[in-house]
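Structural overview
In case you want the letters, here they are:
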Amino acid sequence: MATLLTKVLEIERRQLADYARVDYAITKGEDEIAALEELCLGPNELQRKTSVVRDRTVLAVREVRNNMAKRAITAKNMQGSLIESLRQRSRFAAVDTVDASLRARCFASLERIPTLTLLCHFIDAIKAGDFARAECIRFEFLTREDRHEYVVTSRAIFAQFAPPESADILKRTAKICRVAEMANARVIDLFRRCDPIFVFHRIESMDHGADQSHAFDTSLLGARPISPRERAIVSVRSAFAA
């Protein structure tokens, strides 16, 4: 688990660094477009020059964003593997019928144990590596009406024996995927900056399955079109937020 966490930390570090590169490039492109808008240019000339800035900027970060997309896929695969590993660890047996039978017997035995004593049994199960029984004990404890009398003790015990590495890995892999989406959103920001009404209309059309034959060319994006709910304006600070 420690090795996996180390790998995830390195992927997260690279992902955040690449997001900073994308954000810097897009911000620079937006500033260039803003400067062009201050000049006395005709509509066609302004559109042509802003398009040049837009295309140059998007192409400059294309490889970076592709790398970010690959890391997001890797992170999602890690999430799936870890969740499945945790699920298997909490099973009594690989065969569903056997697992269900053993689980039922475990709950039947736990019914006769006092609530406070359940916490002692939980500690013993964790120390023995019997995670399936420990999970049953925790679930049984949470169903007891008098559990609130031991809320402080139970929280301390459950937190102490919870796998912090697993929770941290799941949190960081989710962040890696989110940062990749944020990079895509920054590119959409640039397209909207160049022609917000046109781009917004075309993206809306694509999101609703309309004819895409007249939609703007998204080949420069190097990624799928982003839906409206994903087009939030983000910053480097939010990307680095935990």
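Since this is a predicted model, take the numbers as computed values, not measurements.

Conventions we followed
Residues numbered from 1 in each chain as written. Predicted model: local features only at pLDDT ≥ 70, side-chain atom pairs only at ≥ 80, totals over all residues. Heavy atoms only, no water. Phe/Tyr/Trp six-rings, centres within 6.5 Å; stacked < 30°, edge-to-face > 60°. Helix = DSSP H or I, 4+ residues; strand = E, 2+ residues; numbered from the N terminus. Buried < 20%, exposed > 50% of the residue type's maximum accessible area, 1.4 Å probe, protein only. Salt bridge = Lys/Arg side-chain N within 4 Å of Asp/Glu carboxyl O. Expected span 1.5 Å × (residues − 1). Core = buried A, V, L, I, M, F, W, Y, C linked by side-chain atoms within 4.5 Å. Contact = heavy atoms within 4.5 Å. Axes fitted to C-alpha atoms, helices over the stretch in contact; angles between N-to-C directions. Parallel < 35°, antiparallel > 145°, perpendicular 65-115°, else oblique. Nonpolar A, V, L, I, M, F, W, Y, C, P; charged D, E, K, R; others polar. Left-handed = near helix turned anticlockwise from the far one by under 90°.

Topic: the packing of aromatic side chains
All chains considered together, the criterion is met by three aromatic pairs. Relative to F158, the ring of F122 lies with its centre 4.9 Å away and its plane at 80°, an arrangement referred to as edge-to-face. Taken as a pair, F122 in helix α5 (residues 115-127) and F158 in helix α7 (residues 151-161) lie far apart in primary sequence, 36 residues in all. The pair F122 / F158 is uniform in exposure class, with both members buried. The interplanar angle of 80° and the centroid separation of 5.7 Å between the aromatic rings of F141 and F158 together place this pair among those described as edge-to-face. Placement of the pair is F141 in helix α6 (residues 131-143) and F158 in helix α7, with a sequence separation of 17 residues. Classification of F141 by relative accessible area gives buried; the value is 2%.

Digging into the pattern of salt bridges
In this structure the tally under the stated criterion is 20 salt bridges. Close ionic contact of R186 with D23 constitutes a salt bridge, the shortest N to O distance being 2.8 Å. Note that R186 is positioned in helix α8 (residues 164-194) and D23 in helix α1 (residues 2-37), a separation of 163 residues in sequence. Each member of the pair R186 and D23 is classed as buried. Here E45 ties to R48 by a salt bridge, and the two come within 2.9 Å at their closest N and O atoms. Of the two residues, E45 and R48 both sit in helix α2 (residues 43-60), three residues apart, roughly one turn of that helix. On the accessibility criterion, E45 (29% relative accessible area) is partly exposed. Residues joined in a network through salt bridges with shared partners are E12, D168, R172 and K175.

Considering helix α3 (residues 62-89)
The end-to-end C-alpha distance of α3, which contains 28 residues, comes to 41 Å, matching closely the 40 Å that a straight helix rising 1.5 Å per residue would cover. Where α3 is concerned, the buried positions are V64, R65, M68, R71, A72, A75, M78, Q79 and L82.

Examining the nonpolar core
Core analysis: the largest hydrophobic core is formed by 19 residues, its most contacted members being Y19, V22 and M68. Elements with a contribution of two residues or more to this core: α1, α2, α3 and α8. Once residues within four sequence positions are removed from consideration, M68 is found in contact with Q15, D18, Y19, V22, V179, A180 and A183. Counting 14 residues, the second-largest nonpolar core is a separate cluster that includes L118, L119, C136 and I157.

A closer look at the packing of α5 against α7
Closest axis-to-axis distance for the α5/α7 pair is 11 Å, and the angle between their directions is 5°. The angle between α5 and α7 falls in the class roughly parallel. Touching L119, F122, I123, I126 and K127 of α5 are T153, S154, I157, F158 and F161, all from α7. Here the residues of the contact of α5 with α7 sort into seven nonpolar, two polar and one charged.

Description of the packing of α5 against α6
Describing two packed helices takes the angle between their axes plus the distance from one axis to the other. The interhelical angle for the contact between α5 and α6, taken along N-to-C directions, is 160°, at an axis separation of 8 Å. Classed by the angle they form, the pair α5 and α6 counts as roughly antiparallel. Here α5 and α6 pass one another in a crossing that is left-handed. Counted together, T115, L118, L119, H121, F122, A125 and I126 of α5 and F131, R133, A134, I137, R138, E140 and F141 of α6 form the full contact between these two elements. For the contact of α5 with α6, the class distribution of residues is nine nonpolar, two polar and three charged.

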